[in-house]
Amino acid sequence: MADTERLLALIRRAVKAQLETGGPIGAVLSGGIDSSTIVTVAHETMPELPTFTGYYESEGCDERPYARLVAGPEHHEILITPFQALPARTGETQRLRSL
């Protein structure tokens, strides 16, 4: 078995294990190679897997076209404003300071 075939088999096994949670699930899809690979493999087992892509209004940061190439029929695009991102960043910073 070639290295690429072994890698794909490992990815399939890992994704399948995550899909067997017993509860509702979805996937964050950025359009990058890692999330696109995971979602593509997940769609082999669960074609209706909901996907979610966050995006900003600024130019040069919009990966939605790439996410749309991989997304299934239940895809959601969510605009993230600076006011929504700031509390998450603040909480993240405070958590790291406590370590």
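Note that the structure is predicted; figures quoted are calculated from it, not measured.

K.L.:
Help me get a handle on the packing of helix α1 (residues 3-19) against helix α2 (residues 33-45), residues and values and all.
P.N.:
When two helices pack together, their arrangement is given by the angle between the helix axes and by the axis-to-axis distance. Remark: α1 packs on α2, axes separated minimally by 9 Å, with the N-to-C direction vectors making an angle of 70°. Relative to α2, the element α1 lies roughly perpendicular. Seen from above, α1 lies across α2 with right-handed handedness. On α2, the residues that touch L8, I11, R12, V15 and L19 of α1 are T37, I38, V41, A42, E44 and T45. Grouping the constituent residues of the contact of α1 with α2 by class yields seven nonpolar, two polar and two charged.

K.L.:
Talk me through the pairing of strand β2 (residues 51-55); I want residue IDs and the actual numbers.
P.N.:
Side chains T51, T53 and Y55 of β2 all project onto a buried face; the interleaved residues F52 and G54 project onto a face where none is buried. The pairing of strand β1 (residues 27-28) with β2 spans two bridges and is classified as parallel. The residue bridging A27 from the neighbouring strand is T51, located in β2. Traced from β1 through α2 to β2, the parallel crossover comes out right-handed. Handedness of the crossover joining β2 and strand β3 (residues 75-79) through helix α3 (residues 64-70) is recorded here as right-handed.

So, how was this worked out
Residues numbered from 1 in each chain as written. Predicted model: local features only at pLDDT ≥ 70, side-chain atom pairs only at ≥ 80, totals over all residues. Heavy atoms only, no water. Axes fitted to C-alpha atoms, helices over the stretch in contact; angles between N-to-C directions. Helix = DSSP H or I, 4+ residues; strand = E, 2+ residues; numbered from the N terminus. Parallel < 35°, antiparallel > 145°, perpendicular 65-115°, else oblique. Left-handed = near helix turned anticlockwise from the far one by under 90°. Contact = heavy atoms within 4.5 Å. Nonpolar A, V, L, I, M, F, W, Y, C, P; charged D, E, K, R; others polar. Buried < 20%, exposed > 50% of the residue type's maximum accessible area, 1.4 Å probe, protein only. Pairing = 2+ DSSP bridges. Right-handed = clockwise from strand over helix to strand, strands pointing away.

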